Amino acid sequence: MVEDKKSSQISGFYKKSIKERVEFIKNFSELTDEETKLFSSILDLEIADRMVENVLGTFDLPLGVALNFKINGKDYIIPMATEESSVIAASSNAAKIARIHGGFTTECTDPLMIGQMQLLHMDDIAGAAQNIMGHKAELLKLANDQDKVLVSFGGGAKDIEVRILDSPLGKMIVTHLIVDVRDAMGANAVNTMCEALAPMLEELTGGKIRLKILSNLADKRIVKAKAVFDKEKIGGAHVVDAFLESYTLAVIDPYRAATHNKGIMNGIDSVIIATGNDFRAIEAGAHVYAARNGQYTSLSSYYKDKNGNLVGEIELPLAVGIVGGAGNIHPKARLCKKIIGIKTAQELAEVVASVGLAQNFAAVFALSTVGIQKGHMSLHAKNIAVMAGATKDEIDKIADQMVKEGKIKLDRAKEIIEETR
Ligand code: NAD
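Residues numbered from 1 in each chain as written. Predicted model: local features only at pLDDT ≥ 70, side-chain atom pairs only at ≥ 80, totals over all residues. Heavy atoms only, no water.

Peer 1: Would you mind showing me how to read the overall build of the protein chain here?
Peer 2: Along its length, the protein chain carries 17 helices and 10 strands. Viewed in the frame of its principal axes, the protein chain has a C-alpha envelope of about 80 × 50 × 45 Å. Buried residues in the protein chain amount to 48% of all 421 residues. The long-range fraction of contacts in the protein chain, counting pairs at least 24 apart against all pairs at least 6 apart in sequence, stands at 71%. Total accessible area on the protein chain stands at roughly 21000 Å², and carbon and sulfur atoms take up 53% of it. Taken as two groups, the 50 positive and 54 negative side-chain charges of the protein chain have centres that lie 4 Å from each other. (Helix = DSSP H or I, 4+ residues; strand = E, 2+ residues; numbered from the N terminus. Buried < 20%, exposed > 50% of the residue type's maximum accessible area, 1.4 Å probe, protein only. Contact = heavy atoms within 4.5 Å. Areas by Shrake-Rupley, 256 points an atom, 1.4 Å probe, with all protein chains shown as cover. Lys, Arg positive; Asp, Glu negative; His and termini not counted. Charge placed at Lys NZ, Arg CZ, Asp CG, Glu CD.)

Quick look at the structure:
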């Protein structure tokens, strides 16, 4: 192999055999023989049985890698676990175009999560709120006593905020505990702290604690990624204009924004799943953030720079961890984190946001030009051919014929099989 070992731009990777690809990744990410064997392994049933209840087996997804990513000047190969065809290719293509202008640049906040404690049944709401704020130092100390490990890494409870909310049941206080969770996703850490604070909050307010749990609106844990997509490379000024026209619908119309953001999550979830992170938490946070100004809108934004190139930006909360949770237990998730080569949860969040932007650019670009079906269709046709009963040797021929005819249907696949056998 002649490519620069640390460049993630690898030509013809898709044409290599699975064995050759695995060998390449082994060298790129300096995997051991044992780690390399994990690619073709399934999750040990004993591990699965400890992870969830009533286990019968495991459920597999294809695992591939996105190439060409340069993020803050560093090359990344990014594992993606997904059942959807075209997602990995689309990310890789977008990252290749972004490389022309230096790739992705990112920034992110500290990894701050919010825990909520709901207090009801108080006569003097304002006095109760004041009393909570007056005992902030004691509350933070009690929270930090719950997680010495987190504190030793520079994390821990950092702040308390009090909100008074009106409800059909009357006024209630929601106390927010702000916790720096460092390299963890943080849900368990925050929930433990909130539960520990509950009796003290009841004592301070004379109220009754009900909920004490993390909020998935992680709006203090925000990641931004940005890339410039070269005007000429994508087909000229009229394509940039077509792109911006398409994108604008996602800004103004929730019906389009839902699909636009779903495309972003195609990329994001694939990396989140591959690294053993909680995709429901990421989805919940992303979509509510997209509606933060009262109307659901695009998580990304696009504009032209002074040279007419297309600039893309994305901003969203990403509660990802590289320690704790399922990602710590699942051997393939550990392997995927090693392939990316991340050192902190913040770095993982920056990689994930870049993939989300790449995926979004690729989808809107396709929609603004040739349409999305063209790219989807050849893999889709192969799946249909398999469903129709095509043998290994027949799949490509049947799929090609259906694409040529523009009729990718199960009944047509069956007909072609009959005709050609
Ligand atoms: P965890 O409790 O397994 O690990 C976090 C702990 O690891 C920290 O509290 C700390 O003690 C320790 N740690 C060691 N090194 C660390 C470092 N460098 N940085 C930070 N902490 C370090 O996991 P978690 O991240 O607290 O919780 C994540 C899990 O909680 C996920 O599996 C998620 O699915 C689940 N969960 C989510 C929700 C929700 O999203 N609403 C609710 C409940 C549980």
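Now that the structure is up, let's keep going.
Peer 1: For this particular structure, what's the right way to read the pairing of strand 2 (residues 74–81)?
Peer 2: Regular strands show a simple pattern: their side chains alternate between the two faces of the sheet. Taking burial as the measure, the 8 residues of strand 2 include 7 buried ones, the bulk of the element. Note that strand 1 (residues 63–71) and strand 2 share 7 bridges and pair antiparallel. Directly across from V65, in strand 2, lies its bridge partner P79. With antiparallel pairing between neighbouring strands as the criterion, strand 1 and strand 2 make up a hairpin whose turn holds 2 residues, including N72 at a positive phi of roughly 50°. (Pairing = 2+ DSSP bridges.)

Peer 1: Just to check I follow, could you spell out a nonpolar patch on the surface for this structure?
Peer 2: Nonpolar side chains collect at one region of the surface, where F59, L61, I273 and F279 lie side by side and expose about 390 Å² of accessible area between them. Position of F279 relative to the elements: it lies in helix 11 (residues 279–290). (Patch = residues over 30% accessible without salt bridge, like charges linked within 9 Å, V, L, I, M, F, W, Y side chains within 5 Å. Salt bridge = Lys/Arg side-chain N within 4 Å of Asp/Glu carboxyl O.)

Peer 1: Explain the site of the ligand here, please?
Peer 2: Every one of the 22 residues lining the ligand counts as a neighbour, but D147, G186, A189, N216 and D278 are closest to it. A distance of 3.1 Å separates an oxygen atom of the ligand from a polar backbone atom of N188. D278 has a polar side-chain atom sitting 2.7 Å from an oxygen atom of the ligand. Looking at the shell around the ligand, the elements with two or more residues in it are helix 7 (148–152), helix 8 (187–205) and helix 12 (325–329). Here the element with the most residues in the shell around the ligand is helix 8; it accounts for 4 residues. A per-class count over the shell around the ligand returns 12 nonpolar, 6 polar and 4 charged. (Near = heavy atom within 4 Å. Polar contact = N/O pair within 3.5 Å; in protein donor to acceptor, adjacent residues only side chain to side chain. Nonpolar A, V, L, I, M, F, W, Y, C, P; charged D, E, K, R; others polar.)

Peer 1: Can you help me understand the pairing of strand 9 (residues 300–304) in this one?
Peer 2: With 5 bridges joining them, strand 9 and strand 10 (residues 310–317) adopt antiparallel strand pairing. Within strand 10, the position partnered with S301 by the bridge is E313. What sits between the antiparallel neighbours strand 9 and strand 10 is a turn of 5 residues, in which G308 has the positive phi angle 85°.

Peer 1: Whenever I open this one, the side chain of E347 confuses me. Can you help?
Peer 2: For E347, the location among the structural elements is in helix 14 (residues 345–368). Other than its neighbours up to four places away in sequence, E347 contacts K74, Y76, G341 and I342.

Peer 1: What exactly am I supposed to notice about the packing of helix 10 (residues 254–274) against helix 11 here?
Peer 2: Between two packed helices, both the angle of their axes relative to each other and the distance between the axes serve to describe the pair. Remark: helix 10 packs on helix 11, axes separated minimally by 10 Å, with the N-to-C direction vectors making an angle of 150°. Judged on the interaxial angle alone, helix 11 and helix 10 are roughly antiparallel. Along this stretch, helix 10 crosses helix 11, giving a crossing that reads as right-handed. Listed contacts from helix 11 to N261, M265, I268, D269, I272 and I273 of helix 10 are F279, I282, E283, A286, H287 and A290. Per-class residue counts for the contact of helix 10 with helix 11 are 8 nonpolar, 2 polar and 2 charged. (Axes fitted to C-alpha atoms, helices over the stretch in contact; angles between N-to-C directions. Parallel < 35°, antiparallel > 145°, perpendicular 65-115°, else oblique. Left-handed = near helix turned anticlockwise from the far one by under 90°.)

Peer 1: How should I be thinking about the sheet that holds strand 3 (residues 105–108) in this particular structure?
Peer 2: Backbone hydrogen bonds hold the strands of a sheet together, and the pairing may be parallel or antiparallel. Taken in spatial order, the 4 strands of this open sheet run 3-8-10-9, and their pairing is antiparallel. In the strand order of this sheet, the two ends are held by strand 3 and strand 9, each with one partner. Taken over all neighbouring pairs, the strand axes of this sheet differ in orientation by 15° on average, direction set aside. For strand 8 (residues 222–229) and strand 10, the ladder comprises 8 bridges, and the chain directions are antiparallel. For F229, the partnering residue across the bridge sits in strand 10 and is L310.

Peer 1: Would you explain the pattern of salt bridges in this entry?
Peer 2: Opposite charge on two side chains permits them to pair, given that their charged atoms come into close proximity. All told, the structure shown has 24 salt bridges when counted by the stated rule. One salt bridge connects D33 with K26, and the closest N-O pair in it is separated by 2.5 Å. A relative accessible area of 19% means that K26 is categorised as buried. Taking the shortest distance from any N to any O, the salt bridge between D241 and K304 comes out at 2.8 Å. Highlighted residues: D241 in helix 9 (residues 237–252) and K304 in strand 9, separated in sequence by 63 residues.

Peer 1: Is there a simple way to explain the sheet that holds strand 6 (residues 172–180) in this structure?
Peer 2: Read from one edge of the open sheet, 4 strands run 5-6-4-7, paired in antiparallel fashion. Strands with a single pairing partner mark the edges of an open sheet, and in this sheet they are strand 5 (156–165) and strand 7 (208–215). Adjacent strand axes in the sheet meet at a mean angle of 20° when their direction is disregarded. Judged from the 6 bridges that link them, strand 4 (residues 112–120) and strand 7 form a sheet pairing that is antiparallel. Paired with Q116 across the bridge in strand 7 is I213.

Peer 1: Quick question: what am I supposed to make of the environment of G156 here?
Peer 2: Structurally, G156 is set in strand 5. Judged by relative accessible area, G156 falls into the buried class, the value being 0%. Between the alpha carbons of G156 and K141 there is a distance of 9.5 Å; along the sequence they are 15 residues apart. If near-sequence neighbours (up to four positions away) are discounted, G156 is found in contact with N144, L150, V151, I178, V179, D180 and M193.

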